[in-house]
Amino acid sequence: VRSAAHALPPTEEHNKGLPNSQVSEFNGDSNSLVPYKNNLTQNEVQYLLDKVAFGGNKSLLALGINQGLEALVQELVNGQKLTSSYQKDADFWTHRHFFYGEAPKGFKNRIWTVESIIVGQAYHFSFSPNPLHEWMLLQLSGHFATNLDELGLAYDKYSHIALKDHWSLLRKYAVGNFALLTNAFFLDPAMNRWLDNMQNHKGSPNQNYARELLELFILGLNDPITGASNYDEQTVVAATAAVSGYYPAEVKDPETQTPIYGIKYMQQKHDERPLRMFSAVPEARTKKTFKPKSFVWHVLFKHPGSSRYIAERFAGLMLYPGLSEPVVQELASLLKQNKYELKPFLKRILMSSAMFSTKARHACILSPIEHAVKLIRKLGLTTLPQEGSKLPAADFFFAMFRSATLKAGQGLFQPPSVFGWKGSCNINRNGVITKGEGWLTNQAMLLRSSMCSEIMNAFNYLEFNWLQRFSITPQSVPAEVVEKVAQDLFGFTPKPDIKNMLAGFLTDVNTSPGESFGETVWANKKISRLICSLSDFPQAYRR
Amino acid sequence: MGKTMAMAPMLAAEPRFLLAQTVQPAAGKNVIVINMYGGVDGLTMLPYYSGKLVDSNRKLRPLLSVSPEKTLPFFHQANPANSIGFHPAFASLLAQARDHIAIIQNYGILGNPGRSHNTCQVLMSLGSSQVTEKGESRGFLARVMDLKDWDSMQYWAFQAENFTDTNTLKRKPLNLSSGLDDVMLSKTWLESDKDAQLNWERSQQLLELTVPNDELEQSQIVTVGGINKLLAVVRNDITRQEVGKNSAGDYDTSSNFGRIIRDTAKLLKAKNRVESLGLREKDSLVYIGQGGYDTHSDQNNTKAQFNLPKLFSDLSNNLAIFYQDLLVNGILDNTTVVLYSEFGRTTRENSKQGGGRAGTDHGHGNNTIVFGGSVKPGVIGVPPKPSDLSAGYNALVPKIDYRNVFGDVFEWLQIDPLLIFPEGYSRERLGLFL
């Protein structure tokens with residue numbers, strides 16, 4: 001149902017308005033996956049980092065400028081081994097948000113909570129040297145949408161480890177093997193509880209997991225070219241049998257040897273009937289007994305719609321929604337050739353000519369978490385105090401991240417439904433190409449603006465040095481400050497009338513009596529507000 | 001005095017009834033559509049309590065069926081052989097609105113739409129019965145707004161999960177994820193109302209200076225215009241005041257739905273009383289999403305996060321108070337509430353587990369209700385046969401096109417349904433209104 005292409009907003013038209021565009025950059029072919037030129041301009045390097053790596057960091061920017069695209073992509077995809085001190089810091093913040101109340105015996109008063117993994121992940125988002133890995137984790141957590149907060153897992157003496165297990169799976173496979181991740185979810189207590197598969201047994205079929213596995217995780221409903229269904233109701237029944245047999249069971253935590261909530265598979269609970277499936281798809285049509293994991297392999301490798309669906313879903317997020325069929329098919333073949341390893345797939349996309357086309361540039365609306373993390377990373381916060389008088393400010397930073405992104409509509413690990421968050425940049429359920437317009441509702445915009453302010457408040461509480469960050473002195477010219485901040489953080493230059501208006505705001509003493517341009521107190525208020533005004537501009541919230 | 005008030009003598013003891021007498025009766029009409037996300041089990045919401053269907057249901061759902069003794073009877077029906085009633089959790093709504101409720105049995109998307117949330121939600125949003133090659137991206141509620149050239153303040157959407165429901169071509173509806181509390185909360189980071197005001201004025205000035213390069217930017221500018229109108233309403237004294245107690249009780253604001261329906265009442269009151277809004281004579285639409293009905297398990301487990309007794313109580317208790325609020329404020333006769341869901345559920349339960357753990361899977365046809373001051377009480381449609389329940393299809397086959405439910409509502413709004421629904425729609429009046 002591709003005919004909705006008319007709904008695609010004219011990104012090229014949008015980009016003509018970007019004042020810093022140069023003829024020699026962003027001239028890739030939107031329909032080509034051949035490698036783009038290796039030598040990138042600074043704008044192009046920063047664009048790639050903004051697009052898939054939350055803005056990256058200074059060393060990645062330098063790497064791209066000095067060594068070119070291939071070296072940058074290798075670094076982004078392969079990543080660095082995390083140092084023990086980095087991991088220690090991440091653990092500090094994660095553990096700080098454990099539940100420390102009346103813990104059940106044997107738990108040393110440390111219980112995993114949804115808060116603890118959100119804070120832990122927020123740390124990785126903000127400080128990881130491997131920002132592409134963290135960005136992919138965010139996308140995968142939306143794809144395999146599981147609302148941990150609604151599961152009632154926290155504070156349960158057996159099941160709290162399930163929160164950590166779910167998070168660990170996503171971290172382990174963020175740039176790993178998609179097929180292995182899909183199969184690993186069969187033993188994930190959180191996913192099983194969310195989609196009821198632990199109640200799907202021989203004689204008592206529960207279709208929830210099988211249906212969403214096909215529709216959302218690995219296949220999709222329809223062939224987007226012909227509009228034909230990828231599977232029928234008979235297949236849902238057969239798939240339900242194929243993935244049956246799991247049940248909740250107490251297992252021992254390998255680390256602590258304490259009893260925890262787990263999932264086990266029992267042959268006797270598995271529905272072994274050979275049932276007909278995929279009647280209308282010759283390549284996948286069959287009638288035989290499947291075990292859960294072999295069923296996933298069957299769909300991934302035999303059904304032509306599967307690799308196509310996964311390729312389009314993730315490539316669309318990275319490049320632009322509404323990719324041409326040859327591009328999708330090439331990427332689908334690549335996935336299958338590499339047995340669904342994500343790294344070759346990511347490398348091909350990130351290095352492609354299409355990535356540096358005007359069509360891809362600013363093609364998607366940033367989600368609230370992408371927006372917040374990009375802001376945090378580009379401001380360049382390098383460390384958080386773990387003791388002393390500034391510790392409450394660091395706690396406030398994480399509290400703000402958690403509450404502000406949740407209020408703005410993207411609670412981490414708390415998608416509203418199995419469909420994930422609603423502002424996806426892709427082809428939506430109706431075959432209509434969307435750029436993430438779901439993030440542009442009245443309330444979402446209002447709360448996104450509020451989110452920016454809350455994050456700025458956290459920076460102020462941390463006594464962030466705005467003057468130093470933007471090299472502002474009392475001699476700085478206000479209009480130049482506006483331009484510098486806009487260019488540095490968001491990569492655009494405001495038009496003269498807007499720049500003058502914001503410059504007037506910087507020097508308007510009426511709203512802030514007693515403060516003068518270039519002082520710390522002034523900077524705390526005015527620069528942070530300036531950032532949030534600029535952050536409302538379309539150039540700032542697109543990637 | 002409106003006809004509903006004449007039929008409610010018990011209100012003489014209601015202190016706010018006096019207030020209602022001083023309030024000018026509403027002029028424009030209001031339609032509240034409540035989308036019960038997930039596919040509500042209509043056979044539990046509105047169970048049959050007499051005839052052979054009772055036995056069939058009990059056999060197919062030994063753990064989940066509602067017993068006839070506990071089912072609340074509904075008297076406005078002419079088919080005593082297969083009487084349809086209400087789940088006991090609907091006692092509060094039934095007590096208030098029993099003479100202004102219509103039950104629609106076995107409605108849904110005709111044909112073979114499949115049983116995917118995605119597909120059925122989108123089809124219902126589009127007002128279609130099959131995915132067309134047109135790639136339509138504008139829902140039928142959005143088309144109403146465009147057709148009637150409505151102001152953004154005439155369409156409020158709370159928790160609209162389908163992009164298409166609010167995707168108008170002209171003015172954008174006010175599209176909120178939750179109630180007005182969050183709108184107020186969004187200002188809390190600022191030191192004062194004055195700062196908030198300055199901030200928004202600056203945002204608007206900045207956007208007015210922005211020449212949009214594409215439709216997304218244009219959309220943002222329109223949206224910010226909507227926000228400013230929204231904030232004007234939020235700041236209004238009428239909306240700040242609590243709706244408060246009435247003879248039906250208090251809104252349960254511990255739930256999202258409770259907060260949203262309370263805010264809907266506030267908005268309708270503001271619309272009717274605040275002349276400066278300029279909305280009094282105009283028709284309005286409020287879209288509300290309520291999630292949690294995808295009960296594959298724990299359907300009757302009252303300890304689970306989502307279970308039908310809890311969801312139905314939330315719905316019924318808050319709607320009962322809403323009904324009374326509209327009544328005492330002279331808005332009821334002009335308001336119609338439509339409940340709907342993307343599909344019903346399987347006629348068989350899916351587990352042998354006790355303790356309320358069993359659930360139902362995705363089905364097809366469904367039962368639902370429409371109520372309001374102008375709704376004619378009764379039961380519309382024919383009940384299924386026992387063999388329909390036990391057939392291999394494992395779901396009801398709908399006989400009433402869901403578009404005809406909305407078709408009656410649109411005619412009540414004096415809108416021709418044929419201008420709203422795409423080709424292939426066959427209009428049949430259900431007779432929902434007095």
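Residues numbered from 1 in each chain as written. Chains lettered and ligands numbered in written order. Predicted model: local features only at pLDDT ≥ 70, side-chain atom pairs only at ≥ 80, totals over all residues. Heavy atoms only, no water.

Q: Just checking my understanding: could you explain the overall build of chain B for this structure?
A: Regarding its fold elements, chain B presents 15 helices and 9 strands. For chain B, the proportion of contacts with a sequence separation of at least 24, taken over those separated by at least 6, is 73%. (Helix = DSSP H or I, 4+ residues; strand = E, 2+ residues; numbered from the N terminus. Contact = heavy atoms within 4.5 Å.)

Q: I would appreciate a short explanation of the overall build of chain A in the present structure.
A: Helix and strand counts for chain A stand at 23 helices and 6 strands. Here chain A holds 543 residues, and 62% of them are scored as buried. Contacts spanning at least 24 positions in sequence make up 71% of the contacts within chain A whose residues lie at least 6 apart. With an accessible surface of roughly 19400 Å², chain A has 52% of that area assigned to carbon and sulfur atoms. (Buried < 20%, exposed > 50% of the residue type's maximum accessible area, 1.4 Å probe, protein only. Areas by Shrake-Rupley, 256 points an atom, 1.4 Å probe, with all protein chains shown as cover.)

Q: Mind showing me how you'd approach the nonpolar core here?
A: Nonpolar side chains tend to gather and get buried jointly when the protein is soluble and globular. Judged by nonpolar contacts, the single largest core of 183 residues is most densely connected at Phe295(A) and Ile531(A). Judged by nonpolar contacts, the second largest core, of 57 residues, contains Leu60(B), Leu94(B), Ile101(B) and Trp156(B). (Core = buried A, V, L, I, M, F, W, Y, C linked by side-chain atoms within 4.5 Å.)

Q: Would you mind going over the pattern of salt bridges with me for this structure?
A: Side-chain pairs of opposite charge can arise where the charged atoms are in close proximity. Inspection of the entire model under this criterion finds 29 salt bridges over all chains. A salt bridge links Glu463(A) to Lys390(A), with the nearest nitrogen and oxygen atoms 3.9 Å apart. Taken together, the residues span a long stretch of sequence, with Glu463(A) in the loop between α19 (442–461) and α20 (466–469) and Lys390(A) in the loop between α17 (368–379) and α18 (391–407) at a distance of 73 residues. Between Arg61(B) and Asp41(B) there is a salt bridge, with the nearest N and O atoms lying 2.7 Å from each other. Taken together, the positions of Arg61(B) in the loop between α4 (52–60) and α5 (91–97) and Asp41(B) in the loop between β1 (30–36) and α3 (42–45) put the pair 20 residues apart, joining distant regions of the chain. Of the two residues, Arg61(B) and Asp41(B), both sit in the buried class. A cluster of three or more residues bridged by salt bridges with shared partners is formed by Asp408(B), Glu411(B), Arg427(B) and Arg429(B). (Salt bridge = Lys/Arg side-chain N within 4 Å of Asp/Glu carboxyl O.)

Q: Would you mind showing me how to read the pairing of strand β6 (residues 335–340) of chain B here?
A: Across a regular strand the side chains alternate sides, sitting on one face of the sheet and then on the other. All names here are of chain B. Of all 6 residues in β6, 6 are buried; the element is thus mostly enclosed. Taking every second residue as pointing to the same face, both faces of β6 are buried, with Thr335, Val337 and Leu339 on one and Thr336, Val338 and Tyr340 on the other. Both β1 and β6 contribute to a ladder of 6 bridges, which runs parallel. By the bridge assignment for β6, Ile34 is matched with Leu339. Pairing geometry for β6 and strand β7 (residues 366–372), over 3 bridges, is antiparallel. Looking at the pairing, Thr336 lines up with Gly372 of β7. (Pairing = 2+ DSSP bridges.)

Q: So what exactly am I meant to see when it comes to the packing of aromatic side chains here?
A: Two measures describe an aromatic ring pair: the distance that separates the ring centres and the angle between the ring planes. Residue and element names in this part refer to chain A. With the rule as written, the count across this model stands at 39 aromatic pairs over all chains. Pairing Trp297 with Phe301 gives two aromatic rings, centres 5.1 Å apart and planes at 10 degrees, and the pair type is stacked. On the criterion of helical spacing, the pair formed by Trp297 and Phe301 is a turn pair, its members being 4 residues apart in helix α13 (residues 292–302). When the ring of Phe459 is compared with that of Trp466, the centres are 6.1 Å apart and the planes differ by 35 degrees; the resulting orientation is tilted. The class of Trp466 is buried, set by a relative accessible area of 1%. The ring of Phe470 is capped by Arg469, whose NZ or CZ atom sits 4.7 Å from the centre of that ring. (Phe/Tyr/Trp six-rings, centres within 6.5 Å; stacked < 30°, edge-to-face > 60°. Lys NZ or Arg CZ within 6 Å of the ring centre and 35° of its normal.)

Q: Would you explain the packing of α18(A) against α19(A) in this entry?
A: Between two packed helices, the angle of one axis relative to the other and the distance separating the axes together describe the packing. Residues and elements named next belong to chain A. Running from N to C, α18 and α19 point in directions that differ by 175 degrees, and their axes come no closer than 9 Å. Comparing the axis directions of α18 and α19 gives the class roughly antiparallel. Mapping the contact onto sequence places Pro392, Ala393, Phe396, Phe397, Met400, Ser403, Ala404, Thr405 and Lys407 in α18 and Leu447, Met451, Glu454, Asn457, Ala458, Phe459 and Tyr461 in α19. Looking at the contact of α18 with α19 residue by residue, the classes come out as 11 nonpolar, 3 polar and 2 charged. (Axes fitted to C-alpha atoms, helices over the stretch in contact; angles between N-to-C directions. Parallel < 35°, antiparallel > 145°, perpendicular 65-115°, else oblique. Nonpolar A, V, L, I, M, F, W, Y, C, P; charged D, E, K, R; others polar.)

Q: Please explain the side chain of Ser297(B) as it appears in this structure.
A: You can see Ser297(B) is positioned in the loop between β5 (284–290) and α13 (308–328). Every residue in contact with Ser297(B), bar those within four places of it in the chain, is listed here: Asp196(A), Gln199(A), Asn206(A), Arg357(B), Ala358(B) and Gly359(B).

Q: How do you make sense of the pairing of strand β3 (residues 155–158) of chain B when you look at a structure like this?
A: All names here are of chain B. Neither face of β3 is exposed, since Tyr155 and Ala157 on one face and Trp156 and Phe158 on the opposite face are all buried. Direction of pairing for β3 relative to β5: parallel, over a ladder of 4 bridges. Bridge pairing in β5 links Trp156 to Val286. By the bridge criterion, 3 bridges tie β3 to strand β4 (residues 174–176) in an arrangement that is parallel.

Q: What should I look at first to understand unusual backbone geometry in this one?
A: Among all residues except glycine, the phi angle is most often negative; among peptide bonds, the trans geometry is most common. All names here are of chain B. Not every positive phi belongs to a glycine, and Gln159 is a case in point at roughly 55 degrees. With respect to the helices and strands, the residue Gln159 is situated in the loop between β3 and β4. Positive phi values are uncommon outside glycine, yet Gln414 reaches one of about 60 degrees. Position of Gln414 relative to the elements: it lies in the segment after α15 (402–412). What makes Gln414 exposed here is its relative accessible area of 69%.

Q: What should I look at first to understand helix α15 (residues 325–337) of chain A in this one?
A: Note that an α-helix has 3.6 residues per turn; residues three or four places apart therefore point the same way. Residue and element names in this part refer to chain A. For α15, built from 13 residues, the straight-helix expectation of 18 Å at 1.5 Å per residue is met to within 8% by its first-to-last C-alpha distance of 18 Å. The inward-facing, buried residues of α15 contact α14 (304–318) and α16 (342–350). Immediately downstream of α15, the backbone of Lys339 shows phi near 50 degrees, a positive value. (Expected span 1.5 Å × (residues − 1).)

Q: Can you help me understand the state of the cysteines in this one?
A: Working definition: the covalent bond between the sulfur atoms of two cysteines is a disulfide. Residue and element names in this part refer to chain A. Tallied over the full model, the rule gives 2 disulfides over all chains. Each sulfur of the disulfide joining Cys364 and Cys425 lies 2.0 Å from the other. Where Cys364 bonds to Cys425 through sulfur, the torsion about that S-S bond is close to -70 degrees, and the disulfide is left-handed. With a gap of 61 residues between them, Cys364 in the loop between α16 and α17 and Cys425 in strand β5 (residues 425–427) connect regions that are remote in the sequence. (Disulfide = S-S within 2.5 Å.)

Q: Got a minute to help me understand the packing of helix α4 (residues 69–78) of chain A against α16(A) in this structure?
A: Residue and element names in this part refer to chain A. Two elements in contact, α4 and α16, have axes separated by 10 Å at closest approach and are oriented at 145 degrees. Here the hand of the crossing between α4 and α16 comes out right-handed. Of the residues in α16, those touching α4 at Leu69, Val73, Gln74, Val77 and Asn78 are Lys343, Leu346, Lys347 and Leu350. Residue composition of the contact of α4 with α16, by class: 5 nonpolar, 2 polar and 2 charged. (Left-handed = near helix turned anticlockwise from the far one by under 90°.)

Q: Can you help me understand helix α6 (residues 114–127) of chain A in this one?
A: Taking 1.5 Å of rise per residue, 14 residues should cover 20 Å, and α6(A) covers 20 Å from first to last C-alpha, within 8% of that figure. Most of α6(A) sits inside the fold, with 13 of its 14 residues counted as buried.

Q: What exactly am I supposed to notice about the confidence of the model for chain A here?
A: The predicted coordinates ought not to be read in detail in places where the model reports low pLDDT. In the predicted model, chain A carries a mean pLDDT of 87, and the fraction of residues at 70 or more is 90%. Taken as a whole, residues 1–10 of chain A scores under 50 in pLDDT and shows 38 contacts with residues more than four places along the chain or in a different chain. (pLDDT = per-residue confidence, 0-100.)

Q: How should the environment of Gly365(B) be read in this particular structure?
A: All names here are of chain B. Note that Gly365 resides in the loop between β6 and β7. Looking at Gly365, the relative accessible area reads 3%, which means it is buried. Once the C-alpha coordinates of Gly365 and Leu110 are considered, the two residues, 255 residues apart in sequence, prove to be 8.5 Å apart. Once residues lying within four places of it in the same chain are set aside, the contact partners of Gly365 are Asn106, Tyr107, Gly344, Leu396 and Pro398.

Q: Even after reading the chapter, I still don't get the confidence of the model for chain B, so can you show me in this structure?
A: All names here are of chain B. Considering every residue of chain B, the mean pLDDT works out to 84; 78% of them sit at 70 or more. Residue range residues 1–21 is modelled with pLDDT below 50. Its contacts to residues more than four positions away, or to other chains, number 41 contacts. This model gives residues 187–191 a pLDDT under 50, and the stretch forms 15 contacts once residues within four places in sequence are excluded. For this predicted complex, the interface confidence comes out at an ipTM of 0.85, alongside a pTM of 0.90.

Q: I would appreciate a short explanation of the environment of Phe140(B) in the present structure.
A: Residues and elements named next belong to chain B. Tracing the backbone shows Phe140 in helix α7 (residues 140–147). Relative accessible area serves as the criterion here: at 1%, Phe140 is assigned to the buried category. Taking the C-alpha atoms as reference, Phe140 lies 29 Å from Ser313; in sequence the two are 173 residues apart. With residues near it in sequence (within four places) discarded, Phe140 still touches Met124, Ser125, Leu126, Gly127, Phe406, Phe410, Ile420 and Phe421.

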